[in-house]
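Letter by letter, the chains look like this.
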There are 4 protein chains.
Amino acid sequence: MIIVNYKTYPEGLSRNAAELSRIAEHVHEETGVSIGVCPQYVDLRETAKAVKIPVLSQHVDCYEAGAHTGSVNVEAVKDAGAIGSLLNHSEKRIRLSDIGKTVDGLKKTGLISVVCADTAAVSAAAAALNPDMVAIEPPELIGSGIAVSKAKPDVLTDTIALINKVNPSVTILCGAGITKGEDVSSAMRLGIKGILVASGIVKAKDRRTALMDLAEAARKAT
Amino acid sequence: MIIVNYKTYPEGLSRNAAELSRIAEHVHEETGVSIGVCPQYVDLRETAKAVKIPVLSQHVDCYEAGAHTGSVNVEAVKDAGAIGSLLNHSEKRIRLSDIGKTVDGLKKTGLISVVCADTAAVSAAAAALNPDMVAIEPPELIGSGIAVSKAKPDVLTDTIALINKVNPSVTILCGAGITKGEDVSSAMRLGIKGILVASGIVKAKDRRTALMDLAEAARKAT
Amino acid sequence: MIIVNYKTYPEGLSRNAAELSRIAEHVHEETGVSIGVCPQYVDLRETAKAVKIPVLSQHVDCYEAGAHTGSVNVEAVKDAGAIGSLLNHSEKRIRLSDIGKTVDGLKKTGLISVVCADTAAVSAAAAALNPDMVAIEPPELIGSGIAVSKAKPDVLTDTIALINKVNPSVTILCGAGITKGEDVSSAMRLGIKGILVASGIVKAKDRRTALMDLAEAARKAT
Amino acid sequence: MIIVNYKTYPEGLSRNAAELSRIAEHVHEETGVSIGVCPQYVDLRETAKAVKIPVLSQHVDCYEAGAHTGSVNVEAVKDAGAIGSLLNHSEKRIRLSDIGKTVDGLKKTGLISVVCADTAAVSAAAAALNPDMVAIEPPELIGSGIAVSKAKPDVLTDTIALINKVNPSVTILCGAGITKGEDVSSAMRLGIKGILVASGIVKAKDRRTALMDLAEAARKAT
């Protein structure tokens, strides 16, 4: 599984979101690899209508529907067609208790949760909250072009070991610096089940080729 | 001017947002009173396409487009069709410097800013940041059904006096507990130029009648 | 072990902190039960000088010493004589990654960490970060006078089961609504090793008697 | 007036705080220039006992005394001997409404407030909240050694003009990059009444000489 996070890059907004989402759908159809996309809130609904691949929110707040001006809740992203959400991305860190509450809220609503974490111990803590997936991403490598699977394989194997001890039902993803198929292959050889990628695809010159490269590597590795 | 904040009420999400926005458009056409609506992020784009009245965001973050997962920026809400944004609502208070930065960012992008404030002094501080509008809303009255213009007229007159000293170009709104036409009338008699309303309309049994009541009062008062 | 959190109650500030800390020291000497106290930052140094029982900070920030105006760091509380710190109290919730970083920082400096949590799952997550202690405190019972060990024994047994699975080396405390010896006894019968208490002692009419009651119950239970 | 902010530098903690505070006291006695010092919370009480110059907190939270674990309140810093507090430092930005509330809380308790701000407009907003002082500090120059008064004189004159329009009773300080007497002189020639300094003094090799240099410049300029 590959999750493409559009962040708030202009290259992933509006028409660019639509185009990139169709590319992701096409690469999924070509390779059979699961590809999820995370557009901005304002593009969630149109993206979910336009493509058949999974659409996730980049974040949801811990508040339920009600008097919470300016917040994003589980009900709203579900209504917009998202099948789940990232949580606790390094650019949107949240409080431990709020992660617990939001993972529960997503689960109750039938949505999946992908909790991001910066270290092996924090990944294990996230896994203890019983989300569907945990994504380990050393923040210093995010957007660096230096793949976590190459630069910090130990962090990945430590994360896998700790999570498997705490909660083996959690699917483990990794991210940070992933741009090439071989970054995916090396991660999956270590036992990682999927990839979280952003600038490596969203800002690539040829996004179709770049995503196809990652998906082909994922396909071969499974 | 009346601004209807849908908050994250289920009664203001998706189809309910569409219905309420058409009501607001219709009341505007009937009365000539400016009515703006603030749907949730996921409904911004469809609402802005569906109606001709102004659509505003409930909040925008202080970050520019880029590597800011889960945030909402000026470019995105503009692209979605919003003509401006609320800022610093009592349910989404933000840092002083971030209000300054975001008011500037909205202005540069050609969007209007409506900064909420809880006291007369904070309203004057907000006005010093040169937004288009400041909305004074004593938090203890929000959602109470007890109109600020009836319960705390002094707060309104103090706010008007202080803002006019600091920055007379700012349009002054008020909110909190507004549900009836006479709440609007009494506010406008004190010198208030517009109304911020949420549950009083969004959760009203007959939303068209309730909004028409406010708009008629606003029309008569001008 | 009993930890008395002075919060920012006037009854626990300055001279009151000194008096209460001497009471705690005396009760420890009488009963042999470990009693730690958590005064406010401004009282840490004097308290640590005045009594021989353990003094803990109520919180430390995740920043190291340096250009971090207004923050509280591990070096400062250690220098002031604290032997550790509470973290993530329900009145001072912090981000998951910051808990991870701060637990590590305390450990490296030779200080102990007591991470508070609101649910069994969040307690397990906290335990995965490898602190010395985790304190389960259902927020709705804090300050209520309704003891967690009476009102929610299931939460305590669930917490113990989950933490023992994730990290059996963690000492498990509980808090919220504890005011009487029998609240302590019932908690310890369930397998809890210590108690976190605040208003039940700090605001008690006769603080010595109230704390002696808790300590006697703890002594008998071990 | 010169305010020395010790931040959380090791050079300003504990014995270093005591030494630096005595230096500040001595420079005040030599030059007659008002010098205030801002030690860390854990050193507030001892510093206030040890020296006769004004001691300020680096921050206070907006909460009153009570059930607010880990927070710092007006009552506590007053009890510890502080005569006031910095607020909203660039390393501890706070919400607009919380600044309003805390400025009021300090005033009611007889303490002075020094609100930091990053731009001329934000300085004017801060002034509208009626604090005793506003300190303009462009964040990009903090700790840079490039004095705001040399690098951005326009920001200072704009700030003075805007604040004088909004609230002429506010005393205007500046900070960021101040290390030498001539930085003070140039600021005061522009109309600035005092200086906020941190690393330029706290981390200076010869702190007495460095502070004497600033104080002499301030004395000559008045």
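Look up: the structure comes first, before these words.
One structure accompanies this document, and this report is about it. (Residues numbered from 1 in each chain as written. Chains lettered and ligands numbered in written order. Predicted model: local features only at pLDDT ≥ 70, side-chain atom pairs only at ≥ 80, totals over all residues.)

### Concerning the overall build of chain A
To keep things clear, this is the line we draw: Helical segments are the DSSP runs of H or I of at least four residues, strand segments are the runs of E of at least two, and each set is numbered from the N terminus. By the criterion used throughout, residues are in contact when their C-beta atoms, derived from the backbone, lie within 7 Å.
For chain A, the count of helices and strands is 10 helices and eight strands. Residue pairs in contact within chain A that sit at least 24 positions apart in sequence constitute 64% of those at least 6 positions apart.

### Some points on the interface of chain B and chain A
Note the following rule: Here the nonpolar group is Ala, Val, Leu, Ile, Met, Phe, Trp, Tyr, Cys and Pro; Asp, Glu, Lys and Arg are the charged ones; every other residue, Gly included, is treated as polar.
On the side of chain A, 33 residues touch chain B, which itself brings 33 residues to the contact. Elements with a contribution of two residues or more to the side of chain B that touches chain A: α2 (41-50) and α3 (74-79) of chain B. Counting residues per element, the side of chain B that touches chain A draws most heavily on α2(B), at five residues. Taken together, the residues that form the side of chain B that touches chain A break down as 12 nonpolar, 14 polar and seven charged.

### Observations concerning the relation of the copies chain B and chain A
Selection criterion: Here the copies were fitted onto each other by least squares, based on C-alpha atoms from residues at pLDDT of at least 70 in both.
Superposing chain B onto chain A takes a rotation of 180° combined with a translation of 0.0 Å along the rotation axis, leaving an RMSD of 0.0 Å. Accordingly, the operation relating the two chain copies is best matched by a two-fold axis. Closest approach to the rotation axis within chain B is made by the C-alpha atom of B:V42, at a distance of 2.5 Å. The fraction of interface residues of chain B whose copies in chain A are also interface residues reaches 100%, indicating that both copies meet through the same surface.

### Considering the relation of the copies chain C and chain A
With an RMSD of 0.0 Å, the fit of chain C onto chain A corresponds to turning through 180° and sliding 0.0 Å along the axis. Mapped onto chain A, 100% of the interface residues of chain C are again interface residues, and the two copies thus contact each other with one and the same surface.

### Here we look at the interface of chain C and chain A
Every contact between the two is made by 19 residues of chain C and, on the other side, 19 residues of chain A. Counting only elements with at least two residues in the side of chain C that touches chain A, the list comes to α4 (96-108) and α5 (120-128) of chain C. Among the elements that line the side of chain C that touches chain A, the one with the most residues is α5(C), at six residues. Tallied by class, the residues present in the side of chain C that touches chain A amount to 11 nonpolar, five polar and three charged.

### Side note on the pairing of strand β4 (residues 84-87) of chain D
All names here are of chain D. What counts is decided by this rule: Labels follow a simple rule on C-beta atoms placed from the backbone: if 20 or more others lie within 10 Å of a residue's own, it is buried; if 12 or fewer, it is exposed; otherwise it is partly exposed. Every crossover in which the path from the first strand over the helix to the second runs clockwise, viewed with the strands pointing away from the viewer, is termed right-handed. When DSSP locates at least two bridges between a pair of strands, those strands are taken to pair.
In β4, alternate side chains face the same way, and those of G84 and L86 on one face and S85 and L87 on the other are all buried. Once you follow strand β3 (residues 56-57) into helix α3 (residues 74-79) and on to β4, the crossover reads as right-handed. In terms of strand pairing, β4 meets strand β5 (residues 112-117) through four bridges, oriented parallel. From the neighbouring strand, L87 faces β5, where its bridge partner is V115.

### Here we look at the sheet that holds strand β8 (residues 194-197) of chain A
Picture the strands of a sheet paired through backbone hydrogen bonds; they go either parallel or antiparallel. Residues and elements named next belong to chain A. The eight strands lie next to each other as β2-β1-β8-β7-β6-β5-β4-β3, forming an open sheet whose pairing is parallel. Strands at the two margins of the open sheet, each flanked by one partner only, are β2 (35-38) and β3 (56-57). Note: strand β1 (residues 2-5) against β2, four bridges, orientation parallel. Across the sheet, V4 pairs through a bridge with V37, a residue of β2.

### Quick word on the sheet that holds strand β1 (residues 2-5) of chain D
Residue and element names in this part refer to chain D. So the rule is basically this: Note on geometry: axes are lines fitted to C-alpha atoms, helical ones only across the stretch in contact, with angles between N-to-C directions running from 0 to 180 degrees.
Here we have eight strands laid out as an open sheet, ordered β2-β1-β8-β7-β6-β5-β4-β3, and parallel in their pairing. Each edge of the sheet is formed by a strand with only one pairing partner; in this case those strands are β2 (35-38) and β3. In the packing of helix α4 (residues 96-108) onto the sheet, the strands contacted are β4 and β5, and the crossing angle to β5 comes to about 155°.

### So, the arrangement of the chains
Between chain B and chain C there is no contact, and the shortest C-alpha to C-alpha separation is 16 Å. The two units chain A and chain D never meet; even their closest C-alpha atoms stay 16 Å apart.

Purely spatial values, then, with no claim about function.
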